[in-house]
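Descriptive structure summary
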Amino acid sequence: MTILKETNFFRLWLGQILSQSGARMVQIAILWWGVQNAGESAGRWAGGLLVLSALPSLLFVKWFGRLIDSKPARRILISTDIASGTLVALLALCFFTGTLSTPVIYALAFGLAACQSLLDPTLNRSVALVASPEGLDKAVAMATSTQSLANFAGAMLGALLIDHIGIVSTLGLASVGYFVAASSSALTRFAPVPEPVTVAGAAPVETPWQVLGHYPFLKRLLIGFGLVNFFCTPTLLVLPLFVKRVLNLSASELGLLEGALWLGLILGTWASGVLKLSQDIVKVAFGCLLFLGAGFALPAFFPMFPVSAVSLFVAGAALGVNNARFFVFAQNSVADHEKGRFFSILSAVIGFTFPVAYLLFGLLVDTVAVTTVMVAQGVGIGILAFYFLGLREEARDLVEEEALGAN
């Protein structure tokens, strides 16, 4: 199967690439504006922005999970993309009229993040509804690469557009992209989701947290990746300051470095389905995280643009392989009628450290050298790689249980 043969999935996927590329364009535009205008407190300003962007997936996880499992996926995707496009248009209008302020930026960023925290699990749930059964594994890998490819396109295009046509026009293009994505979802065919069998007097619908309790091994994996993200995701605020303060370069070079990271993620995601890597998800996680930590730390010791680009590419590739293997494992492990709640809680657990990480690293980059912070990121990720080695026994028991079940 080639992805072009899966026209139904391909249509939805392209729309979401466009939608999420716009989200990254908006984020990089706002962050670069903050880096230029917040002076010595740029780290705290960016940290506050990213804290607010991380909160919706935690605050609304229960409601969003039930909503995704109870409402048609097409309706959620269309309405959320329209809402996002409207919010970005309002942000562009504020820039254009000069009525911009930090509270306005923070409020609109929170609204956009709420929309995104609804879009991501809905897309993950939708893969099995729009792809053919024989093409599901490759469709999952493609869906896993959505955010990576969108971040690559959004970072590269957004940074270049900021330098050439300005922030207002960049935001305007991002807004249009959301409405095109909504149209793409409207043209996609979704298979109906079978209703779970219920009986009189049955227990009420389980919450996302209760659903996660059905999958203890997945839960431990998610907690581990959430801890890894404590060190990994602050790159969103560390990298702009590294480019500005250490490399003394512009938004265009920031876009190229972000592009190297996301290009690595894309290629790593796609390669995971081609390369004959170990099927042991614990071993894959351990090896990938060692490369990820080294890729984040190396630019601090050799602060040159080429070294930084190559290191970030390697880090992205390692993360892409790891993410793809994990999402295929999750898609094959979770029951269809629980996937909306599972992927909603996945976003919450993966991101439970985001607010603290953004706040702490935002303060750190205003207090100590950016390169010191980058080394701390790499070392932290490397240490956490050994957490996954501690799950080897549980992974082995799970494989044995599945083998017995097959017999």
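Definitions and cut-offs
Residues numbered from 1 in each chain as written. Predicted model: local features only at pLDDT ≥ 70, side-chain atom pairs only at ≥ 80, totals over all residues. Heavy atoms only, no water. Phe/Tyr/Trp six-rings, centres within 6.5 Å; stacked < 30°, edge-to-face > 60°. Helix = DSSP H or I, 4+ residues; strand = E, 2+ residues; numbered from the N terminus. Buried < 20%, exposed > 50% of the residue type's maximum accessible area, 1.4 Å probe, protein only. Salt bridge = Lys/Arg side-chain N within 4 Å of Asp/Glu carboxyl O. Core = buried A, V, L, I, M, F, W, Y, C linked by side-chain atoms within 4.5 Å. Contact = heavy atoms within 4.5 Å. Axes fitted to C-alpha atoms, helices over the stretch in contact; angles between N-to-C directions. Parallel < 35°, antiparallel > 145°, perpendicular 65-115°, else oblique. Nonpolar A, V, L, I, M, F, W, Y, C, P; charged D, E, K, R; others polar. pLDDT = per-residue confidence, 0-100.

Glancing now at the packing of aromatic side chains. Across all of its chains, the model carries 11 aromatic pairs by this definition. Pairing Phe 10 with Trp 13 gives two aromatic rings, centres 6.0 Å apart and planes at 25°, and the pair type is stacked. Placement of the pair is Phe 10 and Trp 13 together in helix α1 (residues 7–37), with a separation of 3 residues, close to one helical turn. Taking relative accessible area as the criterion, Phe 10 reaches 22% and is therefore assigned partly exposed. Considering the side-chain rings of Phe 60 and Phe 110, the 6.2 Å spacing of their centres and the 75° angle between planes classify their relative orientation as edge-to-face. Of this pair, Phe 60 sits in the loop between α3 (56–59) and α4 (61–70) while Phe 110 is found in helix α6 (residues 102–130), placing the two residues 50 residues apart along the sequence. The class of Phe 60 is partly exposed, set by a relative accessible area of 28%. Under the relative-accessibility criterion, Phe 110 is labelled partly exposed at 24%. Three or more aromatic residues joined by ring pairs form one cluster here, namely Phe 60, Trp 63, Phe 64 and Phe 110.

Quick look at the pattern of salt bridges now. With the rule as written, the count across this model stands at 3 salt bridges. A salt bridge links Arg 44 to Asp 366; the shortest N-O distance between them is 3.7 Å. With a gap of 322 residues between them, Arg 44 in helix α2 (residues 42–54) and Asp 366 in the loop between α16 (354–364) and α17 (370–389) connect regions that are remote in the sequence. Across the pair Asp 366 and Arg 245 runs a salt bridge, and its minimum N-O distance is 3.2 Å. With Asp 366 in the loop between α16 and α17 and Arg 245 in helix α11 (residues 235–246), this residue pair connects regions lying 121 residues apart in the sequence. One salt-bridge network, in which partners are shared between bridges, spans Arg 44, Arg 245 and Asp 366.

If you look at the biggest cluster of nonpolar residues, it comprises 99 residues, and the most contacted ones within it are Leu 171, Leu 221, Leu 292, Phe 326, Phe 342 and Phe 388. Tallying contributions element by element places helix α10 (residues 216–232) first for this core, with 9 residues. Excluding residues within four positions of it along the chain, Leu 171 makes contact with Val 26, Ala 29, Val 88, Leu 91, Ala 92 and Phe 95.

Here α10 crosses helix α15 (residues 339–350) at 40°, and the two axes come no closer than 8 Å. In terms of orientation, α10 lies oblique with respect to α15. Together, Leu 218, Leu 222, Ile 223, Phe 225, Gly 226 and Asn 229 of α10 and Phe 342, Leu 346, Val 349 and Ile 350 of α15 make up the contact between the two elements. Of the residues assigned to the contact of α10 with α15, the class counts are 8 nonpolar, 2 polar and no charged.

Positive phi values are uncommon outside glycine, yet Asn 248 reaches one of about 55°. Of note, Asn 248 is situated in the loop between α11 and α12 (251–271). Among the residues examined, Asn 248 registers a relative accessible area of 59% and is labelled exposed.

Residues of the protein chain with pLDDT of at least 70 account for 85%, and the chain-wide mean is 79. Between the elements of the protein chain, mean pLDDT differs from a low of 54, seen in helix α18 (residues 392–406), to a high of 91, seen in α17. Throughout residues 197–202 the model reports pLDDT below 50, and contacts reaching past four residues in sequence, or to other chains, amount to 0 contacts. Note that pLDDT drops below 50 for residues 402–407; the model gives that stretch 0 contacts with residues more than four away or on any other chain.

Bringing the packing of α10 against helix α13 (residues 281–301) into the picture now. Look at α10 against α13: their axes get within 12 Å of each other, and the N-to-C directions meet at 5°. With respect to each other, α10 and α13 are oriented roughly parallel. Residue-level inspection shows Phe 217, Leu 221, Phe 225, Val 228 and Cys 232 of α10 in contact with α13, the latter providing Ile 281, Val 282, Ala 285, Leu 289, Leu 292 and Phe 296. Residue classes in the contact of α10 with α13 are distributed as 11 nonpolar, no polar and no charged.

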